[in-house]
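# Coordinate analysis (summary)
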Amino acid sequence: MYRYTFDASAFRPSHDANGQWISDTAIEPVDVQPVGDLLDLHATAGIELRAVPSLWPLRDLAVSHRWEYSIVRLHNARPRN
């Protein structure tokens, strides 16, 4: 896992996904640094991780409660059963 640092002036907030920033041009990173083992970092920070067989129940709950959320990679999920 790596942390990429970019010049923030090239980005603007996305109107389609709350909390995401986008750029209309290709951006080169200013710096790239390894951050270590992602699972260890989550455990150290007290973040609970779950492995689930499907993302669809979480997506359905988020939309039904009008949460501000983003599941931009949902197209990579298994199809809904």
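Scroll up for the structure.
The following refers to the structure shown. It should be emphasised that the depicted structure is a prediction, and the values quoted were computed from it without experimental measurement. (Residues numbered from 1 in each chain as written. Predicted model: local features only at pLDDT ≥ 70, side-chain atom pairs only at ≥ 80, totals over all residues. Heavy atoms only, no water.)

## As for the pattern of salt bridges
Put simply, the test is: By convention in these notes, a salt bridge is any Lys or Arg side-chain nitrogen within 4 Å of a carboxyl oxygen on Asp or Glu. Accessibility here uses a 1.4 Å probe with only protein chains present; expressed as a share of the type maximum, an area under 20% marks a residue as buried, one over 50% as exposed, and anything in between as partly exposed.
What the rule picks out here adds up to 4 salt bridges. Two residues, Arg50 and Glu48, come together in a salt bridge whose shortest N-O distance is 2.9 Å. For the pair shown, Arg50 and Glu48 are each scored as exposed. Asp60 serves as the salt-bridge partner of Arg59, at 3.1 Å between the closest nitrogen and oxygen. When its relative accessible area of 25% is taken as the criterion, Arg59 is described as partly exposed. Each of Arg59, Asp60 and Arg80 takes part in one network of salt bridges that share partners.

## Description of the packing of aromatic side chains
The condition is simple: Aromatic rings from Phe, Tyr and Trp, taking only the six-membered ring of Trp, are treated as a pair when their centres fall within 6.5 Å; an angle between ring planes under 30 degrees marks them as stacked, one over 60 as edge-to-face, and anything in between as tilted.
Within this structure, the stated rule accounts for 2 aromatic pairs. Note on Tyr4 and Phe6: the rings are 6.2 Å apart at their centroids and 10° apart in plane angle, and the pair reads as stacked. Judged by relative accessible area, Phe6 falls into the partly exposed class, the value being 34%. Ring centres 5.9 Å apart and planes at 70° place the aromatic pair Phe6 and Phe11 in the edge-to-face group. What makes Phe11 partly exposed here is its relative accessible area of 24%. Taken together, the aromatic side chains of Tyr4, Phe6 and Phe11 make up a single cluster linked through ring pairs.

## Quick look at helix 1 (residues 38-45)
For the record, the criterion: Contacts described as polar in this section are N or O atom pairs within 3.5 Å, which, within protein, must combine one atom able to donate a hydrogen with one able to accept it, while residues neighboring in sequence count only if both atoms come from side chains. We count a stretch as a helix when DSSP gives it H or I for four or more residues in a row; a strand needs E for two or more, and each element gets its number in order from the N terminus.
Structurally, the start of helix 1 carries an N-cap: the backbone nitrogen of Leu39 is 3.0 Å from a side-chain oxygen of Asp37. Positive backbone phi, approximately 75°, marks Gly46, located one or two places after helix 1.

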